[in-house]
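# Coordinate inspection notes
Residues per chain, in single letters:
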Amino acid sequence: MAIERIGHINIRTPEFAATMAFFETVFDLVRGPAATMGDQTGNAWLHSADGHPIIHVNAMLPGEVDRPAGAAGRLDHIAFDCSDQAGMAERLDRAGVTYDVRQTRVPGLVQFNLRDPNGIRIELTFGHENARRPD
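All of these numbers come straight from a predicted model, not from anything done at the bench. (Residues numbered from 1 in each chain as written. Predicted model: local features only at pLDDT ≥ 70, side-chain atom pairs only at ≥ 80, totals over all residues. Heavy atoms only, no water.)

### Remarks on the nonpolar core
To keep it simple, the criterion reads: The term nonpolar core refers to a set of buried residues drawn from Ala, Val, Leu, Ile, Met, Phe, Trp, Tyr and Cys, joined through side-chain atoms within 4.5 Å. The cut-offs for exposure are 20% and 50% of the maximum accessible area for each residue type, with area from a 1.4 Å probe on protein chains only; residues under the lower value are buried, those over the upper are exposed, and the others partly exposed. What counts as a helix is a DSSP run of H or I of at least four residues, what counts as a strand is a run of E of at least two, and both are numbered from the N terminus. What makes two residues a contact is simply this: any of their non-hydrogen atoms within 4.5 Å.
In this structure, Phe-23, Phe-27, Ile-55, Leu-92, Phe-112, Leu-114 and Leu-124 are the most contacted members of the largest nonpolar core, which totals 29 residues. Looking at this core, the elements that each hand over two or more residues are β1 (9-13), α1 (16-27), β3 (43-47), β4 (53-59), β5 (78-82), α2 (85-95), β7 (110-115) and β8 (121-126). When residues of this core are assigned to their parent elements, the largest contribution, six residues, is made by α1. Dropping the residues within four chain positions of it, Phe-112 is found in contact with Gln-85, Met-88, Ala-89, Leu-92, Tyr-99, Asp-100, Val-101, Ile-122, Glu-123, Leu-124 and Phe-126.

### Examining the sheet that holds β7
Quick reminder of the rule: DSSP calls a pair of strands paired once it identifies at least 2 bridges connecting them. Comment: axis = line fitted to C-alpha atoms, over the contacting stretch for helices; angle = value between 0 and 180 degrees taken between N-to-C directions.
Spatial ordering of the open sheet is given by β5-β8-β7-β6, a layout of four strands whose pairing is mixed. Edge positions in the sheet fall to β5 and β6 (99-103), since each of these pairs with one other strand and no more. Mean inter-strand twist for the sheet, computed between neighbouring axes without regard to direction, equals 20°. As paired strands, β5 and β8 are joined by five bridges and run parallel to one another. When the bridges of β8 are listed, Ile-78 appears paired with Ile-122. Relative to the sheet, α1 contacts β7 and β8, its axis offset from that of β8 by approximately 15°. The strands touched by α2 are β6, β7 and β8; relative to β7, the strand with the most contacts, the crossing angle is about 20°.

### Looking at the pattern of salt bridges
What counts is decided by this rule: Any Lys or Arg side-chain nitrogen located within 4 Å of an Asp or Glu carboxyl oxygen qualifies as a salt bridge.
Inspection of the entire model under this criterion finds four salt bridges. The shortest N-O distance in the salt bridge between Arg-12 and Glu-64 comes to 2.7 Å. With Arg-12 in strand β1 and Glu-64 in the loop between β4 and β5, the pair connects residues that are 52 residues apart, well separated along the chain. Under the relative-accessibility criterion, Arg-12 is labelled partly exposed at 38%. Between Arg-94 and Glu-90 there is a salt bridge whose closest N-O contact spans 3.1 Å.

What follows is the structure in structure tokens.
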């Protein structure tokens, strides 16, 4: 047995609509049903254009205690390998999403760091296909 990739991430949030809209608008993820869940109004999947499930979003249950925005236990961030750095910068600017650009010590590897409506830190990495590891 070997782990081949991350299957998906899950975000449980009182900001269900804003979370869905953020990932649909900023990253072109496609909303789909959460087929295993009974309540489809507060559960949905966000898929890549090729249909791969990436993010499972759940609304809070009635009476469930919310954690402060950005609280993620020991989860620090979500990282996505991306292409089209200029296109993503334009998309983030158009959506009014604040982000920082970080030149890494790995030649050719650039990161954008931003937060979703829940305060979850997202890292977008560009140039991974051409990056050279430093000697």
